[in-house]
Amino acid sequence: MIIIGEKINGSIPSVAKAITGKDADFIRNLAKVQANAGAAFIDVCASVDNHIELETMQWLIGLVQEVTDTPIAIDSPNVRICAAAMKFCNKPGLINSVSMEGDKIDVIFPLIADTEWECAALLCDDTGLPQNAEKRLAVFAAIMKKAKEYHIAPNRLHIDPLVQMLCTSEDGINTVTEVIKTIKTQYPDIHVTGGGSNISFNLPARKLVNQAFLVLAMNAGMDSAIIDPLNRDLMGMIYATEALLGMDEYCIEYIGAYRENKFGQQK
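These remarks concern the structure in this document. Quick caveat: nothing in here was measured; it's all calculated off a predicted structure.

1. Focus: the overall build of the chain
(1) Moving on: Broken down by element type, the chain carries 10 helices and 8 strands.
(2) Moving on: Relative to a compact globule of 267 residues, whose C-alpha radius of gyration would be 18 Å, the chain shows 18 Å and is just as compact.
(3) Moving on: By principal-axis analysis of the C-alpha atoms, the chain measures approximately 45 × 45 × 35 Å.
(4) Moving on: For the chain, buried positions account for 51% of its 267 residues.
(5) Moving on: By sequence separation, contacts in the chain at least 24 residues apart represent 67% of the contacts at least 6 residues apart.
(6) Moving on: For the chain, the accessible area works out to roughly 12,800 Å², and carbon and sulfur atoms hold 52% of it.

2. Quick notes on the packing of aromatic side chains
(1) Moving on: Under the defined criterion, the tally for this structure stands at 5 aromatic pairs.
(2) Moving on: For the pair Y254 and F263, a centre-to-centre distance of 4.9 Å together with 45° between the ring planes defines the contact as tilted.
(3) Moving on: According to the relative accessible area criterion, Y254 is partly exposed, its value standing at 31%.
(4) Moving on: The exposure class of F263 is buried, given its relative accessible area of 6%.
(5) Moving on: Consider the rings of Y258 and F263, whose centres lie 5.7 Å apart with planes at 55°: the pair is tilted.
(6) Moving on: Three or more aromatic residues joined by ring pairs form one cluster here, namely Y239, Y254, Y258 and F263.
(7) Moving on: Note that K22 overlies the ring of W59, its terminal NZ or CZ placed 4.4 Å from the centroid.

3. A look at the pattern of salt bridges
(1) Moving on: Counted by the stated rule, this structure contains 8 salt bridges.
(2) Moving on: With a closest N to O distance of 3.6 Å, K184 and D223 form a salt bridge. With K184 in helix α7 (residues 174-186) and D223 in the loop between α8 (206-220) and β8 (224-227), the pair connects residues that are 39 residues apart, well separated along the chain.
(3) Moving on: For K184, a relative accessible area of 18% corresponds to the buried category.
(4) Moving on: Taking the shortest distance from any N to any O, the salt bridge between K262 and E260 comes out at 3.2 Å.
(5) Moving on: The exposure class assigned to E260 is exposed, which follows from its relative accessible area of 52%.

4. Re α8
Every α-helix carries 3.6 residues per turn, so stepping three or four residues along brings you back to the same face.
(1) Moving on: Look at α8: 21 Å from first C-alpha to last across 15 residues, which is about the 21 Å you get at 1.5 Å a residue.
(2) Moving on: Within α8, burial applies to V209, N210, Q211, F213, L214, A217, M218 and A220.
(3) Moving on: Residues of α8 that are buried sit in contact with α7, β8 and α9 (232-244).
(4) Moving on: Just downstream of α8 lies G221, where phi reads positive at about 130°.

5. Here's the deal with the sheet that holds strand β5 (residues 118-125)
(1) Moving on: Spatially, β7-β6-β5-β4-β3-β2-β1-β8 is the arrangement adopted by the 8 strands of the open sheet, whose pairing is parallel. The open sheet has two edge strands, β7 (191-192) and β8, and neither has a second partner.
(2) Moving on: Both strand β4 (residues 94-100) and β5 contribute to a ladder of 5 bridges, which runs parallel. Across the sheet, residue M100 finds its bridge partner in β5, namely D125.
(3) Moving on: Sheet strands touched by helix α2 (residues 24-37): β1 (2-9) and β2 (41-45). Its angle to β1, the strand with the most contacts, is close to 165°.

Each value, and the rule that gives it
Residues numbered from 1 in each chain as written. Predicted model: local features only at pLDDT ≥ 70, side-chain atom pairs only at ≥ 80, totals over all residues. Heavy atoms only, no water. Helix = DSSP H or I, 4+ residues; strand = E, 2+ residues; numbered from the N terminus. Rg over C-alpha atoms; globule rule 2.2 N^0.38 Å. Buried < 20%, exposed > 50% of the residue type's maximum accessible area, 1.4 Å probe, protein only. Contact = heavy atoms within 4.5 Å. Areas by Shrake-Rupley, 256 points an atom, 1.4 Å probe, with all protein chains shown as cover. Phe/Tyr/Trp six-rings, centres within 6.5 Å; stacked < 30°, edge-to-face > 60°. Lys NZ or Arg CZ within 6 Å of the ring centre and 35° of its normal. Salt bridge = Lys/Arg side-chain N within 4 Å of Asp/Glu carboxyl O. Expected span 1.5 Å × (residues − 1). Pairing = 2+ DSSP bridges. Axes fitted to C-alpha atoms, helices over the stretch in contact; angles between N-to-C directions.

So yeah, pure geometry; function would need other evidence.
In structure tokens, the structure reads:
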């Protein structure tokens, strides 16, 4: 599982406070502990007013890179902020994210075409959020047409099938799992990602729902997730699920992660 550490996000009250107060040590520590916990990317999302977003992203990215070499996931709903923030990164990372809305793909894909940058892509377009698998897969086909046009290999894409709140969903996660399975059948090398906690909004004991969702999604083919790598129970569930799915020969990764104290009782 490709872990995209979600903790440096200005929508989280403690992070918003750190950004406002320029608490550099707080941000550095969040970066360091997520990297140590196994994050493959450190997501950086400022969630501030537009006129200060780019300078805030520069400050946050700089702090992260002071303490870890883990690549950055540049996270903003404004793709032009994402594009501008690329120059602050010491190495290629992940753009989070594009979709078929407006000109988002045509802004980002040309910039990353001849690089090692990866990109998350949401299955929505100018008509909004598709409510069934057929429509989401139609958006996926359009994204892959653009990827081919810009010579972006499938293995550099992380497709987000759009995980919605379980409590407002009519069919649980059946639509999501159908989309994941179809995508992985068509493009075995492509990544499928998503916000691991989106499913549990407005529900009690959210961590339980998040864990159950990840097991089902991984079984369908999800191999990338924006989650909290400091959640030891969740990380343990991921390693255990990979072992049960035959993705971890002789449980070597599971045993190694346990010995490295990434899950289980705190040592």
